[in-house]
Amino acid sequence: MNINHNIQFNDDKKLIHFLNIQNLSAQQILEILELADTVKSKSLDGKTVASLFFEPSTRTKTTFELAAKRLGVDFINIDIANSSTSKGESIVDMIKTLEAMQCNMFVVRHSTSGIPHYIAEQVGNKISVINAGDGAHAHPTQAMLDMYTIKKYKTNFKDLNVAIVGDILHSRVAKSLITSLNILRVKNINIVGPKNLMPENIDELNVIYSDKLEEGIDQADVIIMLRLQKERMREALISTDDYYKEFGLTKNKIKSAKKDVIVMHPGPINRGIEIDSDVADGPNSVILDQVSAGISIRMAIMSLILKNKS
Amino acid sequence: MNINHNIQFNDDKKLIHFLNIQNLSAQQILEILELADTVKSKSLDGKTVASLFFEPSTRTKTTFELAAKRLGVDFINIDIANSSTSKGESIVDMIKTLEAMQCNMFVVRHSTSGIPHYIAEQVGNKISVINAGDGAHAHPTQAMLDMYTIKKYKTNFKDLNVAIVGDILHSRVAKSLITSLNILRVKNINIVGPKNLMPENIDELNVIYSDKLEEGIDQADVIIMLRLQKERMREALISTDDYYKEFGLTKNKIKSAKKDVIVMHPGPINRGIEIDSDVADGPNSVILDQVSAGISIRMAIMSLILKNKS
Amino acid sequence: MNINHNIQFNDDKKLIHFLNIQNLSAQQILEILELADTVKSKSLDGKTVASLFFEPSTRTKTTFELAAKRLGVDFINIDIANSSTSKGESIVDMIKTLEAMQCNMFVVRHSTSGIPHYIAEQVGNKISVINAGDGAHAHPTQAMLDMYTIKKYKTNFKDLNVAIVGDILHSRVAKSLITSLNILRVKNINIVGPKNLMPENIDELNVIYSDKLEEGIDQADVIIMLRLQKERMREALISTDDYYKEFGLTKNKIKSAKKDVIVMHPGPINRGIEIDSDVADGPNSVILDQVSAGISIRMAIMSLILKNKS
């Protein structure tokens, strides 16, 4: 699917959909991070948001639902498994129907890359679309909450050494993170993991690759661990034991990083596989800050694009 | 089941349940259509509405949920599949329990005709019941939103030629439509479809039957296509291909109707079976207007009967 | 699991979790019963309550949801079956995540005794936990709504003969009831049922056991019937027919009790097994009062512990 990246802006270059990080400027990102601190609850009273999770999720879905409710919107969970889409209705017919019910926003997760963009192309000019994760393509609200969390602990993006560890190839989180960190011009982006779980276009990403954890996180200010997907490990012919031995973040290995390094993880954590409990619950972990940031950032994004739409 | 049609009025002849169209006067119908334009949001703050969908549905259920939320009520979805009814509790015990929780209204869909009436007979005098579709009996809120949509486009019900196309025999939508259109005294009601999908009491319905699409929609002001149910086609020994050839509404066939004919469909659409995409998305289609009308009409009906109850 | 009963109080001896009845004083119980009459709707606006039902339930879950909505909180139903807990995430990680989303209260039902206590031990000092039923251990909000119902009909707890009939051994409801009634110093607590469905520590419970229904309910002011679980009957080698014959409450048997006896049941009822319809729907039944009481009592408890927390 050819993904159109310009659709998320209106003629005044204002954000009206939130589909990916690409094409955002550093200033636009920073403005959203600031908005997350000031967005008012109940400020979207009278609006309607529909959540369309074609792929299951607890964390992201619950965070969007809470963010929406705190903004005072009428929130509708579409039960996809029992919906008419499962009886053969097309996605377009489904969203046209929801649009006719005067929904103002769709929050879309789908296992196929590009579906949120496709939906954004189909909706009329009164509806905004948020990408809550599409295939291996992007997870832009996750990247934004991660930037918010980094900004909370580090004074300046430009001086940072950031390491991202795990299956970069299949991770939409990793892709949105690399894009964000490049836009914010961090000093070094290190990616770490087994060679066969790295993307082919690695040279175009402005990252430094290492297949050794301690090398990749050397002098790191920020370490972002990715969730290991067991199916992917089997495909890559790596056992979880071997993965843990080589790439699992432990109290001992973390010593290569800076003393005040922050450790992040999008959750849910596989304790003892990609990360040790000592680290996940230790003084460097900001994993629960990320969860809290998820609420504020999503309130900010919903608020911003709905304001720009109207 | 012997269905009592008078239960929906109180001693002052005011509507307190919305169970079917039968026994409503033309004036009562028209008043509800008008109320749909003026009903205020948040006007039922503090009331509680419980949704009891014993039969799955996305469109109708979502529309009721949105209508209720816009009226400001506390809305509760009863998860029938996991409810105590599925463990042997009777429907009466279930509704008595919900009534004791101070619910003010039940929205009921059931695959058996008459269940909403039965529930209305059981509830105390503080609860209103809305029929959201029962068996092959009635779907009165669908008929009301269809009348609202017709009124939006046509000046006068009395001069209209209306055609209803499809499986009239099994369609609760068709039955409620025929009743409504007769009460509003439209000039002609044409019903079109295979002979073995027509009701036996066709002579009592004040309709004109045709087994040819172009004849049935000749000079039509309004064409209402019904959703084809594949199981029913098999029972009637008609293939979907043959059905489409004879009764599918195409750009070409629609030429028999008036130029400003409106085309309606309760949704979800089977594109290329009962209706072509050219027509469904074409200039005569008001299918998405019907969806929007569904919100306003249901807000109006909920508001009206709750007001009359108290 | 060793269940810590003191965790529900803060340093000022105020209730901050509602986990069981044990350790409450008679005065504390009576104050909650009074609060149930005066608790204001929308008084918890801006708070967030998450419902974690690891064991299915309609009645209790719906009542909590309605109570929460009437208090004006943002209410979130966590879909446990599809949650990351089902994918191996620990309960602790799940609640830490919800806590980071700024939830203020968890309502927890679990088939294992002690889980709500365990969760209360893990949460930070901004979160309250309510036990909505854990294993065979306790169901304290049910006991409270039953006390509320008794108080509505009877002037004085101290003079009452109360009978509890059924499978005491496996019933968390029975356990919380016996604790409550003892704290309120009712005159006699009679427990009735097959010997092999009685707890081993019967001598420590301050109750009188009878294996004959008419003896156990003799001169009773209050009869509380428990729901018969068919699996338990099979384990106890009793057929439902035999059970009904010996312990089913009928119009005839109820004559042993006082004329103004009230008959209670936590629901859903097995009509014709543990109770006859004549009795369940008869003049002595207050079963639907119990349902109504469930809303007020849960509003009171949520309101109280959230106020004490902050």
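Conventions and cut-offs
Residues numbered from 1 in each chain as written. Chains lettered and ligands numbered in written order. Predicted model: local features only at pLDDT ≥ 70, side-chain atom pairs only at ≥ 80, totals over all residues. Heavy atoms only, no water. Helix = DSSP H or I, 4+ residues; strand = E, 2+ residues; numbered from the N terminus. Rg over C-alpha atoms; globule rule 2.2 N^0.38 Å. Buried < 20%, exposed > 50% of the residue type's maximum accessible area, 1.4 Å probe, protein only. Contact = heavy atoms within 4.5 Å. Areas by Shrake-Rupley, 256 points an atom, 1.4 Å probe, with all protein chains shown as cover. Lys, Arg positive; Asp, Glu negative; His and termini not counted. Charge placed at Lys NZ, Arg CZ, Asp CG, Glu CD. Pairing = 2+ DSSP bridges. Right-handed = clockwise from strand over helix to strand, strands pointing away. Salt bridge = Lys/Arg side-chain N within 4 Å of Asp/Glu carboxyl O. Axes fitted to C-alpha atoms, helices over the stretch in contact; angles between N-to-C directions. Phe/Tyr/Trp six-rings, centres within 6.5 Å; stacked < 30°, edge-to-face > 60°. Lys NZ or Arg CZ within 6 Å of the ring centre and 35° of its normal. Buried area = accessible area lost by both parts, 1.4 Å probe. Polar contact = N/O pair within 3.5 Å; in protein donor to acceptor, adjacent residues only side chain to side chain. Nonpolar A, V, L, I, M, F, W, Y, C, P; charged D, E, K, R; others polar. Least-squares fit on C-alpha atoms with pLDDT ≥ 70 in both. Parallel < 35°, antiparallel > 145°, perpendicular 65-115°, else oblique. Left-handed = near helix turned anticlockwise from the far one by under 90°. Core = buried A, V, L, I, M, F, W, Y, C linked by side-chain atoms within 4.5 Å.

Peer 1: Describe the overall build of chain A, and please don't skip the residues or the numbers.
Peer 2: The helix and strand inventory of chain A stands at 11 helices and 9 strands. Scaling as 2.2 N^0.38, a compact globule of 310 residues should have a C-alpha radius of gyration of about 19 Å, and chain A matches this with 19 Å. Seen through its C-alpha atoms, chain A measures out along the principal axes to roughly 55 × 40 × 35 Å. Taking all 310 residues of chain A together, the buried fraction comes to 63%. Taking as baseline every contact in chain A between residues at least 6 positions apart, the subset at least 24 positions apart corresponds to 73%. As presented, chain A carries roughly 12,600 Å² of accessible surface, and 46% of it is formed by carbon and sulfur atoms. Computing the positive centroid from 37 side-chain charges and the negative centroid from 37, chain A places the two 5 Å apart.

Peer 1: Go over the pairing of strand 6 (residues 188-192) of chain B with me, naming the residues and quoting the values.
Peer 2: Residues and elements named next belong to chain B. The buried count for strand 6 comes to 4 of 5 residues, which makes it a mostly enclosed element. Of the pairings in the sheet, the one linking strand 5 (residues 161-165) to strand 6 comprises 5 bridges and is parallel in character. Across the sheet, the residue bridging to Asn161 is Asn188, located in strand 6. Regarding the hand of the β-α-β motif, the stretch spanning strand 5, helix 6 (residues 172-183) and strand 6 is right-handed. Here strand 6 pairs with strand 7 (residues 208-210) via 3 bridges, running parallel.

Peer 1: Explain the pattern of salt bridges to me, using residue names and the numbers behind them.
Peer 2: A complete count under the given rule lists 27 salt bridges over all chains for this structure. Of the charged contacts, one joins B:Glu235 and B:Arg232 as a salt bridge, the two residues approaching to 3.3 Å between their closest N and O atoms. Pair noted here: B:Glu235 and B:Arg232 are both in helix 8 (residues 230-235), with a separation of 3 residues, about one helical turn. A relative accessible area of 28% places B:Arg232 in the partly exposed class. A salt bridge links C:Asp221 to C:Lys258; the nearest nitrogen and oxygen atoms lie 2.8 Å apart. A residue pair is termed long-range when its members are at least 10 positions apart, and C:Asp221 in the loop between helix 7 (213-216) and strand 8 (222-225) and C:Lys258 in the loop between helix 9 (240-247) and strand 9 (262-264) qualify at 37 residues. Bridged by salt links that share partners, the residues A:Asp93, B:Arg271 and B:Asp281 form one connected network.

Peer 1: Which residues make up unusual backbone geometry, and what values do they have?
Peer 2: A:Pro268 follows A:Gly267 through a cis peptide bond whose omega is -15°. The topology assignment puts A:Pro268 in the loop between strand 9 (262-264) and helix 10 (277-280). The phi dihedral of C:Gln102 is positive, around 65°, even though this residue is not glycine. Within the secondary structure, C:Gln102 is located in the loop between helix 3 (91-100) and strand 3 (105-110). Of note, C:Asn206 is a non-glycine position whose phi angle comes to about 60°, a positive value. Considering the arrangement of structural elements, one finds C:Asn206 in the loop between strand 6 (188-192) and strand 7 (208-210). Judged by its relative accessible area of 57%, C:Asn206 is exposed.

Peer 1: Requested: an account of the sheet that holds strand 2 (residues 74-77) of chain A, with residues and values cited.
Peer 2: Residue and element names in this part refer to chain A. On the basis of which strands lie adjacent, the open sheet formed by 4 strands has the order 2-1-3-4 and parallel pairing. The open sheet has two edge strands with one neighbour each: strand 2 and strand 4 (128-134). Strand-to-strand twist across the sheet, computed as the mean angle between neighbouring axes with direction ignored, equals 15°. Two strands pair when backbone bridges link them, and strand 3 (residues 105-110) and strand 4 are joined in this way by 5 bridges, in the parallel orientation. Its bridge partner lying in strand 4, Val108 is registered against Asn131. In this fold helix 3 (residues 91-100) packs onto strand 1 (48-53) and strand 3, with an angle of close to 155° to the strand it touches most, strand 3.

Peer 1: How would you sum up the packing of aromatic side chains? Please name residues and give values.
Peer 2: Residue and element names in this part refer to chain A. A complete count under the given rule lists 3 aromatic pairs over all chains for this structure. With a centroid separation of 5.4 Å and 40° between ring planes, the pair formed by Tyr243 and Phe247 is classed as tilted. Placement of both Tyr243 and Phe247 in helix 9 (residues 240-247) is noted, with a separation of 4 residues, approximately one turn of the helix. An identical accessibility class is assigned to Tyr243 and Phe247; each is buried. For Arg298, the ring lying beneath its charged end belongs to Phe64, and the centroid distance is 4.8 Å.

Peer 1: Account for the interface of chain A and chain B, naming residues and giving values.
Peer 2: Between chain A and chain B, the residue contacts involve 18 residues of the former and 16 residues of the latter. Summed over both partners, the interface of chain A with chain B buries about 1,600 Å², with 56% contributed by carbon and sulfur atoms. Among the residues chain A hides against chain B, the three largest losses belong to A:Asp74, A:Ile76 and A:Met101. Together they make up 33% of the total. If you look at where chain A meets chain B, you find 1 salt bridge. Between B:Arg271 and A:Asp93 there is a salt bridge, with its nearest N and O atoms 2.6 Å apart. At the junction of chain A with chain B, the criterion picks out 7 residue pairs in polar contact (both at pLDDT 80 or more). With 5 residues, helix 3 of chain A is the single largest residue contributor to the side of chain A that touches chain B. Residues belonging to the side of chain A that touches chain B are distributed by class as follows: 7 nonpolar, 6 polar and 5 charged.

Peer 1: Mind laying out the relation of the copies chain A and chain B, listing which residues take part and the relevant values?
Peer 2: Note on the copies: chain A fits chain B at an RMSD of 0.0 Å, the axial shift is 0.0 Å, and the rotation between them is 120°. Such a turn and shift between the copies fits a three-fold axis.

Peer 1: How would you summarise the packing of helix 11 (residues 287-309) of chain A against helix 3 of chain C if you had to cite specific residues and measurements?
Peer 2: Across the interface, helix 11 of chain A lies against helix 3 of chain C with an axial gap of 8 Å and an inter-helix angle of 45°. Relative to helix 3 of chain C, the element helix 11 of chain A is oriented oblique. Remark: the crossing between helix 11 of chain A and helix 3 of chain C carries right-handed chirality. Across the interface between the two elements, A:Leu288, A:Val291 and A:Ser292 from helix 11 of chain A touch C:Lys96, C:Thr97 and C:Ala100 from helix 3 of chain C. The residue makeup of the contact of helix 11 of chain A with helix 3 of chain C, split by class, is 3 nonpolar, 2 polar and 1 charged.

Peer 1: Tell me about the interface of chain C and chain A, residues and numbers included.
Peer 2: In this complex, chain C contributes 18 residues to the contact, which on the side of chain A involves 16 residues. Summed over both partners, the interface of chain C with chain A comes to about 1,600 Å²; 56% of that surface belongs to carbon and sulfur atoms. Its largest share of buried area at the contact with chain A, chain C owes to C:Asp74, C:Ile76 and C:Met101, together 33% of the area lost on that side. Between chain C and chain A we count 1 salt bridge in total. Linking chain C with chain A are 7 residue pairs in polar contact (both at pLDDT 80 or more). Put simply, the parts of the chain that give the side of chain C that touches chain A at least two residues each are strand 2 (74-77) and helix 3 of chain C. Examining the composition of the side of chain C that touches chain A, we find that 5 residues originate from one element, helix 3 of chain C, more than from any other. Split into classes, the residues belonging to the side of chain C that touches chain A amount to 7 nonpolar, 6 polar and 5 charged.

Peer 1: Lay out the nonpolar core with the relevant residues and their values.
Peer 2: Formed by 88 residues in total, the largest nonpolar core has its most connected members in B:Phe106, C:Phe18 and C:Ile164. When residues of this core are assigned to their parent elements, the largest contribution, 11 residues, is made by helix 11 (residues 287-309) of chain C. Residue contacts for B:Phe106: discarding those within four places in its chain leaves B:Ala50, B:Leu52, B:Ile95, B:Leu98, B:Glu99, B:Ile119, B:Val123, B:Ile127, B:Ser128, B:Val129 and B:Ile130.

Peer 1: Can you explain the environment of A:Gln102? Please cite residues and give values.
Peer 2: We classify A:Gln102 as partly exposed; its relative accessible area is 37%. Polar contacts involving the side chain of A:Gln102 include one to the main-chain carbonyl oxygen of A:Ala100, which spans 3.2 Å.

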